[in-house]
Amino acid sequence: MSPEVFIQKYGFFQLLEKYWYFGLVAFVVSLILTPVARSFAYKFRIVDKPDDLLKPHCRPVAYLGGIGIAIGLLAGLADYGVYFWRSTPDKVEYFKNSLMHLDIAALQTSRLWMLIMIAVACIIITLVGLVDDIRNITPRAKIFGQMLAAGFLLLGGVGLKLFLTLFGLCGCCFPAWLVVVGSCIICMVLVICTCNATNLLDGLDGLCGGVTAIIALGFLCLATWLATWGRFPATDELRIAITLAMAGAILGFLPYNIPPASIFMGDAGSMLLGFFVAVMISLFSSEGLARWAMAACVVYALPILDTSLAVVRRVIAGRKIFEGDRGHLYDQLVDRGMSVKKVVLLFYVLSVLAAVIGNVVAIKIRFRYALVIYSLLFLTVWVVFVYKGMVNPDEKRKDAKKDIA
């Protein structure tokens, strides 16, 4: 078969033509339910009230946008589940037999079991965020909820090769127990990091949702390429379905969240979006190859950079890591004179750039060279951060005041 015929038969748009309605279902459900959630939030006063530091909006704004996103995502996943049930009766029968005999090892190889566990974990992480939106729970309680959700991922067989992905390059032969224990620890750390990184990005209207939608589309391109040219059919379809469902759910929410927002996603939404990233990085690690997992991390580079900047900045200032401030990258850009809309647009452009780099480098360049490119780009960004005074913005403000005096 010639490359032209192969692309025509199994290419990007052909795959999207086969699966696009998973995203459409998620989009429509999210688009309809988000204003319903907004009305419910205002009725029961579940709102984000402005303050003088972290919440500069002029009036109370409804929470619960994350509920619309979550239900939209679950609707898209359910639609894929129905499709899988109807189109693969042999695999469904294998799933039934494994479930009847409680064969966890066999279940963990089933896409349907993975899908169910991912959906359950998404519900858990959304509920944890919702409780935080309503009750304002402690960071320790949130981390416990994130670890619980990660546990269901692992039960579903998602993330069990993260240890091999991270340490497999050394060429050592690891015992099975070490791979399992190491993967469990890495998966839980990954979930905690991505949930909190995405939560920290939720600081401007339309920012977190738009950036994560672009990240989801970047994951979709990577998953579609693997399904077209790769050799991993067991998880390709699942990766495509999840990214389409999440992209659709976010795009259904965004019309209500673009500046000026009439509803916020809250922690229920931002933690779910971060959890989605952890799921996708884990799925891209399902073959134990660092190449695709690293590419997924590069697609997610913008939240990683913003969070690492926040951590370094707070450590230098002697503050608690979980203590909120107005020193995030987007806050600093606003403080330096950019409008909120321009900052959001800039982050969209940077997210597209990260997605393009992650996909192109992973597909076109060998991993050993790609790793050098990624490292150089990361160091370059940090040089810019230091040069522009973003690592210690408080000192920058003090110097500016002295100059004025």
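For every chain, the first residue of the written sequence is number 1, and numbering continues from 1 along that sequence. Side-chain atom pairs in this predicted model are given and counted only at pLDDT of 80 or more, local residue features only at pLDDT of at least 70, and totals for whole chains, interfaces and linings cover all residues. Think of the side-chain values as coming from all heavy atoms in the structure, minus any hydrogens and water.

Draft legend 1. Local environment of the overall build of the chain. Across its full length, the chain holds 18 helices and 2 strands. Burial statistics for the chain: of 405 residues in total, 50% are counted as buried. Restricting the contact set of the chain to residue pairs at least 6 apart, pairs at least 24 apart contribute 74%. In the form shown here, the chain has an accessible surface area of approximately 19,500 Å², with 70% of it arising from carbon and sulfur atoms. Only DSSP runs of H or I covering at least 4 residues are called helices, and only runs of E covering at least 2 are called strands; the numbering of each starts at the N terminus. Throughout, exposure labels follow a simple rule: accessible area from a 1.4 Å probe, protein chains only, divided by the maximum for the residue type, with under 20% read as buried, over 50% as exposed, and the rest as partly exposed. In this analysis, two residues are considered to be in contact whenever any of their non-hydrogen atoms come within 4.5 Å of each other. Here, Shrake-Rupley sampling with a 1.4 Å probe gives the accessible areas, and only protein chains in the shown set may cover a residue.

Draft legend 2. Molecular detail of the confidence of the model for the chain. In predicted models, pLDDT denotes the confidence assigned by the predictor to each residue on a 0 to 100 scale. Averaged over the chain, the pLDDT score is 86; the fraction of residues at 70 or greater is 88%. Here residues 397–405 is a poorly scored stretch, pLDDT under 50, and it has 2 contacts once near neighbours within four places are set aside; other chains count.

Draft legend 3. Representation of unusual backbone geometry within the structure. Cis geometry is adopted by the peptide bond preceding P260, which originates at P259 and carries an omega value of -10 degrees. Looking at the secondary structure, you find P260 in the loop between α11 (233–253) and α12 (266–284). In this structure, R45 takes a positive phi of about 55 degrees despite not being glycine. Here R45 shows up in the loop between α2 (12–43) and β1 (47–48). Its relative accessible area of 72% is what places R45 among the exposed residues. A positive phi angle, close to 80 degrees, is found at L64, a residue other than glycine. Among the secondary structure elements, L64 is positioned in the loop between β2 (61–62) and α3 (65–87).

Draft legend 4. Expanded view of the packing of aromatic side chains. In this analysis, rings of Phe, Tyr and Trp, with Trp reduced to its six-membered ring, are considered paired at centre separations within 6.5 Å, and the interplanar angle assigns stacked below 30 degrees, edge-to-face beyond 60, and tilted for intermediate values. This structure, assessed with the given rule, holds 17 aromatic pairs. Taking 5.0 Å as the distance between ring centres and 85 degrees as the angle between the ring planes, the aromatic pair formed by F163 and F174 counts as edge-to-face. With F163 in helix α8 (residues 162–167) and F174 in the loop between α8 and α9 (176–201), the pair connects residues that are 11 residues apart, well separated along the chain. Judged by relative accessible area, F163 falls into the buried class, the value being 9%. Residue F174 is classed as partly exposed on the basis of its relative accessible area of 22%. An angle of 70 degrees between the planes, with centres 6.4 Å apart, marks the rings of Y330 and F347 as edge-to-face. One end of the pair, Y330, is in helix α15 (residues 329–335); the other, F347, is in helix α16 (residues 340–364), with 17 residues separating them in the sequence. Of the two residues examined, Y330 and F347, each falls in the buried class. Aromatic rings pair up to connect Y19, W20, Y21, F22, Y80, Y83 and F84 into one cluster. The ring centre of Y369 lies 5.9 Å from the NZ or CZ of R368, which sits over that ring. Counting as a charge over the ring demands two things of the Lys NZ or Arg CZ atom: a distance within 6 Å of the ring centre and an angle within 35 degrees of the ring normal.

Draft legend 5. Region of interest: α16. By this rule, a helix spans an expected 1.5 Å times one less than how many residues it contains. Taking 1.5 Å of rise per residue, the 25 residues of α16 would be expected to cover 36 Å, and the 36 Å separating its terminal C-alpha atoms lies within 8% of that figure. Buried within α16 are the following residues: V343, V344, F347, S351, A354, A355, G358, N359, V361 and A362.

Draft legend 6. Just a nonpolar patch on the surface, in detail. Any residue with relative accessible area above 30% and no salt bridge may belong to a patch, with like charges joined within 9 Å and the nonpolar Val, Leu, Ile, Met, Phe, Trp and Tyr side chains within 5 Å. What counts as a salt bridge is simple: a side-chain nitrogen of Lys or Arg found within 4 Å of a carboxyl oxygen of Asp or Glu. Together, W20, L24, V28 and I32 make up an exposed nonpolar region whose accessible area comes to about 370 Å². Along the chain, the position of I32 falls in helix α2.

Draft legend 7. Structural detail: the packing of helix α6 (residues 111–135) against helix α7 (residues 139–155). As a packed pair, α6 and α7 sit with axes 8 Å apart at the nearest point and diverge in direction by 175 degrees. One finds that α6 runs roughly antiparallel with respect to α7. From α6, W113, M117, I118, V120, A121, I124, I125, V128 and D132 reach across to α7, where they touch K142, G145, Q146, L148, A149, F152, L153 and L155. In the scheme used here, Gly and all other residues not listed as nonpolar or charged are polar, with Ala, Val, Leu, Ile, Met, Phe, Trp, Tyr, Cys and Pro taken as nonpolar and Asp, Glu, Lys and Arg as charged. When the residues that make up the contact of α6 with α7 are grouped by side-chain class, the tally is 13 nonpolar, 2 polar and 2 charged. With axes taken as lines fitted to C-alpha atoms, and helix axes fitted only over the stretch in contact, angles between N-to-C directions fall between 0 and 180 degrees. Geometric relationships in this document are graded by angle, where less than 35 degrees denotes roughly parallel, more than 145 denotes roughly antiparallel, 65 to 115 denotes roughly perpendicular, and other angles denote oblique.

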